[in-house]
Amino acid sequence: MTTATITKTLKKVEAESKEYSLGFRRLTVLPVRVRRAFDLAANLETNWDGKKAHENQKTFLGGLTEQEYINWLRLV
């Protein structure tokens, strides 16, 4: 992901409502191509259990520090 896209993504996370968890906010602002790939990987990992896959995604993204999140975005 480019630096410009990462910056836009981080700004979108901060603009989201704080009533949602950090992991959920980070998940919902991902670009479509990243979200689709992440969804596929999570579903394959949980044998197509969508609810568990979604929870795993939120937990993973919520557990990352800001710098770890940025590094992860650079890789996708």
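Here's a quick rundown of the structure. (Residues numbered from 1 in each chain as written. Predicted model: local features only at pLDDT ≥ 70, side-chain atom pairs only at ≥ 80, totals over all residues. Heavy atoms only, no water.)

Re the side chain of Thr9
Mapped onto the fold, Thr9 is located in helix H1 (residues 3-15). Discounting residues that sit within four places of it in the chain, Thr9 has contacts with Met1, Val29, Pro31, Tyr69 and Leu73. (Helix = DSSP H or I, 4+ residues; strand = E, 2+ residues; numbered from the N terminus. Contact = heavy atoms within 4.5 Å.)

Concerning the pattern of salt bridges
Applying the stated criterion across every chain, the model contains four salt bridges. Among the salt bridges present, the one from Arg26 reaches Glu66, with a minimum N-O distance of 3.4 Å. Remark: Glu66 occurs in helix H5 (residues 66-75) and Arg26 occurs in helix H2 (residues 22-28); sequence separation between them is 40 residues. What makes Arg26 buried here is its relative accessible area of 2%. Given a relative accessible area of 40%, Glu66 falls into the partly exposed group. (Salt bridge = Lys/Arg side-chain N within 4 Å of Asp/Glu carboxyl O. Buried < 20%, exposed > 50% of the residue type's maximum accessible area, 1.4 Å probe, protein only.)

Side note on the packing of helix H3 (residues 32-45) against helix H4 (residues 50-62)
For the pair H3 and H4, the least separation of the axes is 8 Å and the interaxial angle reads 120°. Viewed along their axes, H3 and H4 adopt a mutual orientation that is oblique. The element H3 and its partner H4 pack so that their crossing is right-handed. Residues Arg35, Phe38, Asp39, Ala42, Asn43 and Glu45 of H3 form the contact with H4, whose own contacting residues are Gly50, Ala53, His54, Asn56, Gln57, Phe60 and Leu61. Per-class residue counts for the contact of H3 with H4 are five nonpolar, five polar and three charged. (Axes fitted to C-alpha atoms, helices over the stretch in contact; angles between N-to-C directions. Parallel < 35°, antiparallel > 145°, perpendicular 65-115°, else oblique. Left-handed = near helix turned anticlockwise from the far one by under 90°. Nonpolar A, V, L, I, M, F, W, Y, C, P; charged D, E, K, R; others polar.)

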